[in-house]
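For reference, the chains in residue letters:
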Amino acid sequence: MVLKFSQGNDIPLQVSLAHGGVAVAGLAVLFVVVSDGGDMASKVALGAYILAALGGCTIFLMGRLFKKPVPGLMITGHAVIALTGCTAISWATYAAFTGAQI
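Bear in mind that the values here come from a model prediction, so they are computed numbers and not experimental data. (Residues numbered from 1 in each chain as written. Predicted model: local features only at pLDDT ≥ 70, side-chain atom pairs only at ≥ 80, totals over all residues. Heavy atoms only, no water.)

In this section: the overall build of the protein. For the protein, the helix and strand inventory stands at four helices and zero strands. Seen along its three principal axes, the alpha-carbon backbone of the protein occupies a region of about 45 × 20 × 20 Å. Looking at the protein as a whole, 20% of its 102 residues qualify as buried. Considering only residue pairs separated by 6 or more positions, the protein has 51% of its internal contacts joining residues 24 or more positions apart. As displayed, the protein has an accessible area near 6800 Å², and 74% of this comes from carbon and sulfur atoms. (Helix = DSSP H or I, 4+ residues; strand = E, 2+ residues; numbered from the N terminus. Buried < 20%, exposed > 50% of the residue type's maximum accessible area, 1.4 Å probe, protein only. Contact = heavy atoms within 4.5 Å. Areas by Shrake-Rupley, 256 points an atom, 1.4 Å probe, with all protein chains shown as cover.)

In this section: a nonpolar patch on the surface. A surface patch of nonpolar side chains, about 350 Å² in accessible area, is lined by I50, L51, L54 and I81. The greatest single-element share of the nonpolar patch, amounting to three residues, is contributed by helix α3 (residues 40-65). Within the fold, I81 resides in helix α4 (residues 72-98). (Patch = residues over 30% accessible without salt bridge, like charges linked within 9 Å, V, L, I, M, F, W, Y side chains within 5 Å. Salt bridge = Lys/Arg side-chain N within 4 Å of Asp/Glu carboxyl O.)

Side chains of a nonpolar character, in soluble globular proteins, are inclined to be buried together. Residues L27, L30, V34, A45, L46 and A88 constitute the largest nonpolar core, which totals six residues. Here this core takes three residues from helix α2 (residues 13-35), the largest share from any one element. Once residues lying within four places of it in the same chain are set aside, the contact partners of L27 are L46, Y49, I50 and A53. (Core = buried A, V, L, I, M, F, W, Y, C linked by side-chain atoms within 4.5 Å.)

Let us now look at the environment of Q7. Relative to the helices and strands, Q7 is located in the loop between α1 (2-6) and α2. With 45 residues separating them in the primary sequence, Q7 and A52 have C-alpha atoms 22 Å apart.

Across all of its chains, the model carries one salt bridge by this definition. Between D10 and R64 there is a salt bridge, with the nearest N and O atoms lying 4.0 Å from each other. Here the residue D10 occupies a position in the loop between α1 and α2, and R64 occupies one in helix α3, the gap between them amounting to 54 residues. You can call D10 exposed: its relative accessible area is 60%. Of the residues examined, R64 reaches a relative accessible area of 21% and is grouped as partly exposed.

Right, let's talk about the packing of aromatic side chains for a bit. A complete count under the given rule lists one aromatic pair for this structure. With 5.2 Å between their ring centres and 35 degrees between their planes, W91 and Y94 make a pair best called tilted. Of this pair, W91 and Y94 are both found in helix α4, three residues apart, which corresponds to roughly one turn of the helix. With a relative accessible area of 39%, W91 lands in the partly exposed category. Looking at Y94, the relative accessible area reads 43%, which means it is partly exposed. (Phe/Tyr/Trp six-rings, centres within 6.5 Å; stacked < 30°, edge-to-face > 60°.)

See below:
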């Protein structure tokens, strides 16, 4: 999506809504994991994903509802924060399956 946006193309509304819907579902599952006593990496992932979700909501509101230009740095930051969450949840999954200490 970042590549498409950086090329000057508009992201279709259906793609944006699907992206957000899947993100909300993932956040709900991750929240359940963390509330059941998840490890530190899961908590870091949840925090990163919450920040990414807030950024995604801001991007959606600015671009779709208020029709204002969305800064490219905001979109890139949203993606980088989400990748941080992905890295943390990958580490938590690895640790859970191998018994590694975090």
